[in-house]
Amino acid sequence: MAEGHLSLTINQIADELNSEECKTLFYLCGNLDKCSSNEDVKDMLKALLKSGQVDHQFLLLELTYRIKRFDILKRVLMTNRKEVESILGRKCFISDYRVLMADVSEELGKEDVRSFIFLLSDTLPRMRLEKAKSFLDVIVELEKVDMVSHENLDLIEQCLRGIHRIDLAKKINVFQRKDRNDALRIQNSTTLKFTAKCCKTLEKLHNKPSCSHHEFLSPEKIKTGVPETGMQYSQQLEDVYRMQTDPRGICLIIDCVGNDGDMLHETFTKLRFKVILYKWLSLNDTLAFLKETARMTDHQRLDCFVCCIISRGTATGMLGTETQGPGLLFDNIRQLFTPEHCPGLLGKPKLFFIQNYVLSEPVPYYDDSDDIEADMPVVVHRVESIPTEADLFWSYCETEAGHLEKVHHSSVYFQALSAGLIKGQKRKMDLIDVHTEVNGMIYDHNQRNPTNKYCISLRFTLRKNFILS
């Protein structure tokens, strides 16, 4: 294609694109500068093609295909979708990683993106997040600070699960598995070739038969690492939290309304937890028992901790048996069980299940964080470097407090959770998958009972799979 004709083709393509498509093209080409200008797209493509690093016609075909502008393929580039797919089956210019990120971005709605950004509020500086308007904007910011890359998509998978886009999280997981398996296969192939060469050399030197390659360096006897990542691929691709102690851990249940505490006691006893149930606690007693539980030395030898709370309150905290504030912030409850204040739980999963019956009037809250700092022990030295907020699973459900006036009321959320956990243990399901089924039960209930809705949300920073087998 002559230079004049190429420039005209680029101009025709760029003039057809909207701002989001321009951004996507920049990202696909590895340019992390935010851009929504057609003129900048023209300059970028012309500079890239002028460098001679890639076939110009092929690049334009693939880029147009990746943003799904099949009309431009036909009208400007004189081809069609099937022909381009045939070419892409043989070679690609754009990395699979960037194509995947662009595809995920296209499948996320505005509400999904807002929820995704919210989950990263403690990870990225506010100034960076405020600039982000789309999923790709967020990915660009994460790439700039080296928190996301072709080899590291754990954070993205975790956040997608957190906003209940399990379908997209599984896409990320499949990509990472394939990428790691490919890296392992290449590494093993290189290692075996090197081994074979060494064996032949030794045979010549010592006039001895060469050894079997598989026996000399079998996968069971060698740990193979991939340059740049340093990951050990001979380890299991999916780590699972250790769940071998009996009991598995402490399960603290605080039932301030007198409902569902006994049911949860039965459930977690079946799941082999040491269950501690308190009913009808005032706020002061609640805080006292929480601190007492955080100090228990049993955490050191057990594998897990669970806390279930049933109370009136607002979206940010609980009231206990009191009818008015000040209340206790949920964030302060969570802080009691961080490794700084409960060193026995360092590196262990901490699961919180909250049923909050929301009052219509606002409630003042007592911030006892100073008391927490003064009361609890501080860990100065850690054996392993694990972030403070790691290994947390926070499942929160709220519904109107008026439901408590009904005779024999029981939380739909806790009924679904109890059933899901028992079923999950039998099937050896991951906790995230169990929670997904709980979400489905809540959704079905809300569809049938539009005046009795439950709103459920999930935040987690689990570093491994959690399976009760």
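Since the structure is predicted, the reported quantities are computational estimates derived from the model, not experimental observations.

Asks: Teacher, can you tell me more about the overall build of the protein here?
Replies: Of regular secondary structure, the protein possesses 19 helices and nine strands. The 469 residues of the protein split such that 48% are buried. Within the protein, contacts between residues separated by at least 24 positions form 74% of all contacts whose residues are at least 6 apart in sequence. For the protein, the accessible area works out to roughly 24,400 Å², and carbon and sulfur atoms hold 51% of it.

Asks: Looking at this structure, I do not really get the pairing of strand E8 (residues 392-400). What am I missing?
Replies: The two faces of the sheet receive side chains in turn, since in a regular strand these alternate between them. The buried fraction of E8 amounts to seven of the nine residues, a majority that puts the element mostly inside the structure. Relative to strand E9 (residues 455-460), E8 runs antiparallel, the two being bridged by six bridges. Within the sheet, the bridge partner assigned to Cys397 lies in E9 and is Ile456.

Asks: I keep staring at the nonpolar core and nothing clicks. Help me out?
Replies: In summary, soluble globular proteins display a tendency toward joint burial of nonpolar side chains. Within the largest apolar cluster, 41 residues are counted, with the highest numbers of intra-cluster contacts made by Phe268, Phe273, Val306, Phe353, Phe393, Tyr413 and Phe466. Contributing elements (two or more residues each) for this core: strand E1 (249-255), helix H14 (261-270), strand E3 (304-314), strand E6 (350-358), E8, helix H18 (412-427), helix H19 (431-448) and E9. Element by element, the count of residues in this core is highest for H18, at six residues. Val306 has contacts with Ile250, Cys251, Leu252, Phe268, Phe273, Leu351 and Phe353, leaving out every residue within four places of it along the chain.

Asks: I would appreciate a short explanation of unusual backbone geometry in the present structure.
Replies: Glycine aside, negative phi is the norm for most residues, and most peptide bonds take the trans geometry. Of the consecutive residues Asp246 and Pro247, the connecting peptide bond is found in the cis state with omega at 5°. Inspection of the secondary structure assignment puts Pro247 in the loop between helix H13 (213-216) and E1. Even without being glycine, Asp146 reaches a positive phi, approximately 60°. Relative to the elements of secondary structure, Asp146 occurs in the loop between helix H10 (135-144) and helix H11 (154-162). Unlike most non-glycine residues, His164 shows phi in positive territory, near 70°. Positionally, His164 belongs in the loop between H11 and helix H12 (166-206).

Analysis parameters
- Residues numbered from 1 in each chain as written.
- Predicted model: local features only at pLDDT ≥ 70, side-chain atom pairs only at ≥ 80, totals over all residues.
- Heavy atoms only, no water.
- Helix = DSSP H or I, 4+ residues; strand = E, 2+ residues; numbered from the N terminus.
- Buried < 20%, exposed > 50% of the residue type's maximum accessible area, 1.4 Å probe, protein only.
- Contact = heavy atoms within 4.5 Å.
- Areas by Shrake-Rupley, 256 points an atom, 1.4 Å probe, with all protein chains shown as cover.
- Pairing = 2+ DSSP bridges.
- Core = buried A, V, L, I, M, F, W, Y, C linked by side-chain atoms within 4.5 Å.

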